[in-house]
Amino acid sequence: MIKKLKRVLWYSAVVFVTTILGCKKTLKEPAETGISNEILIAQASERLNTWFEEKFQEELNNYPERQTYLGIKTADYGKWNDISGKKQTEQLALTKKRLKYLKDSVDTNYLDTNSLLSYTIAVQDHKNAIKDYEYRLYNYPVNQMHGIQSGKPAFLINMHRIATKSDAEAYISRLKGLQPLFEQLIENLKIREKNGILPPKFVYVMVLDDSRNIIKGKPFEAEAKEESTLLADFKKKVTALEVSDTEKTTLINQATEALIKSVKPAYEALITMVEDQQKRATSDDGVWKFPKGKDFYAHALQRTTTTNLTAEEIHKIGLDEVTRIHEEMESIMKKVKFEGSLQEFFEFMRTDEQFYYPNTKEGKAAYLAKATALIDTMKTKLDQLFISKPKADLVVKAVEPFREKSAGKAFYNRGTPDGSRPGYYYANLYDMGSMPKYQMEALAYHEGLPGHHMQISIAQELENVPKFRKYGGYTAYIEGWGLYNELVPKEIGLYSDPYSDFGRLAMELWRACRLVVDTGIHAKKWTREEGIAYYKNNTPNSERDAIKMVERHIVMPSQATAYKVGMLKILELRKKTKTALGEKFDIREFHDVILTNGAVPLNILEELVEAYITTKKKEA
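All values derive from a computational prediction rather than experimental measurement. (Residues numbered from 1 in each chain as written. Predicted model: local features only at pLDDT ≥ 70, side-chain atom pairs only at ≥ 80, totals over all residues. Heavy atoms only, no water.)

J.: Explain the overall build of the chain to me, using residue names and the numbers behind them.
T.: When helices and strands are tallied, the chain shows 26 helices and three strands. Computed over the C-alpha atoms, the radius of gyration of the chain is 25 Å, within 12% of the 25 Å expected from 2.2 N^0.38 for a compact globule of 620 residues. Principal-axis analysis of the C-alpha atoms gives the chain an extent of 85 × 65 × 55 Å. Looking at the chain as a whole, 56% of its 620 residues qualify as buried. Considering only contacts in the chain between residues 6 or more positions apart, those separated by 24 or more positions represent 79%. With an accessible surface of roughly 26800 Å², the chain has 51% of that area assigned to carbon and sulfur atoms. Between the mean site of the 92 positive side-chain charges and the mean site of the 85 negative ones, the chain shows a separation of 2 Å. (Helix = DSSP H or I, 4+ residues; strand = E, 2+ residues; numbered from the N terminus. Rg over C-alpha atoms; globule rule 2.2 N^0.38 Å. Buried < 20%, exposed > 50% of the residue type's maximum accessible area, 1.4 Å probe, protein only. Contact = heavy atoms within 4.5 Å. Areas by Shrake-Rupley, 256 points an atom, 1.4 Å probe, with all protein chains shown as cover. Lys, Arg positive; Asp, Glu negative; His and termini not counted. Charge placed at Lys NZ, Arg CZ, Asp CG, Glu CD.)

Right, here's the structure in full:
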């Protein structure tokens with residue numbers, strides 16, 4: 001069970017909901033209803049939370065892949081999500097119906113504090129989802145970051161667990177289901193092109209590379225010496241099953257047939273489609289090229305940051321932060337007695353062999369071992385910073401070879417709430433020259449502990465909170481927390497090596513540059529090359545890092561602005577709390593306020609912190 005500051009957070013919630021919803025109406029006297037207000041509040045809150053649970057289950061029933069992410073096995077374990085336009089339209093109608101219920105059928109005067117917070121978040125979420133529908137085509141279903149062409153194989157490998165024969169049969173069912181899924185995907189790509197939504201040219205090259213990699217090896221190529229990625233994964237999982245050898249052989253034969261008859265034609269059809277569309281792609285990179293592109297980007301920034309900051313404001317914040325961090329880096333440069341300019345120091349950090357593991361099997365193993373050790377050390381420090389801590393384990397893992405060329409530098413995949421699957425901190429070891437030793441600490445703290453693993457696991461493990469809040473996500477909150485936790489370890493004595501502290505600053509600088517480049521590309525019409533040049537001129541990262549980051553900006557407009565905006569908000573709230581409370585300030589309590597309500601929009605996070613301040617001030 002997660003420990004909580006029950007009294008403090010309960011009172012905080014009272015203050016919060018009073019602030020955000022305004023003064024509550026005077027409740028009827030018990031004599032008028034014959035039932036005490038406490039009973040009425042309990043009944044109304046229970047009804048709402050039952051409704052939340054019912055709607056969450058309805059959503060799960062509609063999205064088989066999410067069931068798998070959560071470690072839930074149902075009759076849908078062998079199915080993919082429906083990604084058709086018809087499904088999106090049906091979802092819009094459902095969302096509108098649910099919002100109407102919340103507005104017309106729930107009396108917020110008769111809700112307990114936690115239910116009122118859930119209500120507030122739910123109303124905001126439903127309104128956002130309805131607005132999102134207007135821009136439902138404004139994305140790239142195939143791309144180098146999280147495109148379906150690589151995402152579905154990664155899902156099977158990392159998420160589809162095989163513990164029984166029926167699980168293996170569900171895996172085979174999903175292999176067979178790739179063909180109809182890709183038919184929907186191809187239709188979606190055609191619809192987007194009709195509406196003026198095409199990725200820039202460079203995206204197609206990587207999508208085609210990913211797609212061709214999946215259908216390499218046995219059984220797709222009879223003369224191949226190695227097995228294909230999916231066949232190797234399936235055989236490994238089935239071999240570990242406690243069933244007869246005959247049953248294992250039958251399952252492997254069935255999977256082989258599905259790979260040949262369903263997976264191969266699915267990818268071949270997608271490759272044909274993408275090759276054709278590639279001919280009409282341009283080198284225009286920003287979403288300004290879309291119909292109503294400016295309006296879409298403003299909406300995307302609003303949704304990503306959960307603020308009303310404009311593109312121009314975000315661009316300016318980025319420029320100011322780049323200047324500040326450069327000054328801190330110059331101080332470190334003096335500390336290590338480097339003689340030369342900051343640019344020369346960047347070049348030194350980029351190229352000196354002492355800062356990199358060799359690009360060999362042994363070098364990659366050494367990196368993973370060191371990353372694991374960093375996580376293990378942080379586990380021993382958590383009590384200094386946190387009251388609530390996750391139950392779920394964390395495992396460091398290399399990105400799989402089939403997608404490492406196009407995947408991001410590092411990322412986190414959540415575990416299951418019951419602990420049956422741990423959280424994974426993925427490190428991309430494709431190019432060791434892009435994974436310097438001096439950034440290892442900050443990466444581990446961001447993706448693992450006390451970053452994403454702690455926040456996401458604690459949210460999943462919360463009690464008496466609706467599931468939509470446990471498993472929900474707001475990028476600015478989640479990534480802001482990750483970036484904030486690159487800094488926090490320094491405050492308890494870690495980053496003792498000045499080069500590692502430089503690495504921390506380098507990663508913060510990277511996020512500051514994102515504010516500049518994302519808005520530059522999508523609002524100021526910067527080219528891909530201009531974005532790459534900005535990173536190369538202002539950071540110590542490799543050119544490959546710069547290229548991959550700019551390409552990420554292009555296919556995920558606004559997403560990368562969330563990190564710095566979220567971090568700055570958390571730091572602003574922490575400073576405000578420290579100033580207001582003085583000697584009463586407790587970093588562990590502050591972190592509990594941030595963590596123990598699940599992921600929330602930044603506007604609501606601010607209200608929660610202000611409520612906590614009010615609570616603490618009233619203590620004797």
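Picking up where we left off.
J.: If you had to explain the side chain of aspartate 501 to someone new, which residues and values would you point to?
T.: Within the secondary structure, aspartate 501 sits in helix H21 (residues 498-523). Among the polar contacts listed, one links the side chain of aspartate 501 to the side chain of lysine 490, at a separation of 3.0 Å. Residues within four places of aspartate 501 in sequence aside, it is in contact with Ile332, Lys490 and Tyr495. (Polar contact = N/O pair within 3.5 Å; in protein donor to acceptor, adjacent residues only side chain to side chain.)

J.: Describe helix H5 (residues 85-105), with residues and values.
T.: The periodicity of an α-helix, 3.6 residues per turn, causes residues three or four places apart in sequence to face the same way. Between its first and last C-alpha, H5 extends 30 Å over 21 residues, near the 30 Å set by a 1.5 Å rise per residue. Those residues of H5 that sit buried are Lys87, Gln91, Leu92, Thr95, Arg98, Leu99 and Leu102. Relative to the axis of H5, the buried residues are bounded by an arc of 145 degrees and lie together on one face. Exposed and facing more than 90 degrees away from the buried side of H5 are Lys86, Lys97, Lys100 and Asp104. If you follow the buried residues of H5, they end up packed against helix H3 (37-62) and helix H6 (113-133). (Expected span 1.5 Å × (residues − 1). Arc of directions from axis to C-beta.)

J.: Summarise the packing of aromatic side chains; cite the residues concerned and give the values.
T.: Within this structure, the stated rule accounts for 32 aromatic pairs. Judged by centre distance (5.5 Å) and plane angle (85 degrees), the rings of tyrosine 138 and phenylalanine 290 are edge-to-face. Note that tyrosine 138 is positioned in the loop between H6 and helix H7 (148-158) and phenylalanine 290 in the loop between helix H11 (245-278) and helix H12 (293-305), a separation of 152 residues in sequence. With respect to class, tyrosine 138 is no different from phenylalanine 290; both count as buried. Seen from their ring centres, phenylalanine 346 and phenylalanine 502 are 6.4 Å apart, and the 55 degrees between their planes marks the pair as tilted. Remark: phenylalanine 502 occurs in helix H21 and phenylalanine 346 occurs in helix H14 (residues 342-351); sequence separation between them is 156 residues. One aromatic cluster in this structure is built from Phe338, Phe345, Phe346, Phe348, Phe355, Tyr438, Tyr499 and Phe502. (Phe/Tyr/Trp six-rings, centres within 6.5 Å; stacked < 30°, edge-to-face > 60°.)

J.: Tell me about the environment of phenylalanine 345, residues and numbers included.
T.: Counting through the fold element by element, phenylalanine 345 comes out in helix H14. Here phenylalanine 345 is in contact with Met333, Val336, Phe338, Tyr499 and Phe502, once residues within four sequence places are set aside.

J.: Mind laying out unusual backbone geometry, listing which residues take part and the relevant values?
T.: The omega torsion across lysine 218 and proline 219 is 5 degrees, close enough to zero to call that bond cis. The omega torsion of the bond from leucine 449 to proline 450 falls at 0 degrees, within 30 degrees of zero and hence cis. Tracing the backbone shows proline 450 in the loop between helix H17 (440-447) and helix H18 (452-461). The phi dihedral of lysine 337 is positive, around 60 degrees, even though this residue is not glycine. By the secondary structure assignment, lysine 337 is in the loop between helix H13 (311-335) and H14. Given the relative accessible area of 73%, lysine 337 is considered exposed. Of note, tyrosine 495 is a non-glycine position whose phi angle comes to about 60 degrees, a positive value. Considering the arrangement of structural elements, one finds tyrosine 495 in the loop between helix H20 (475-487) and H21.

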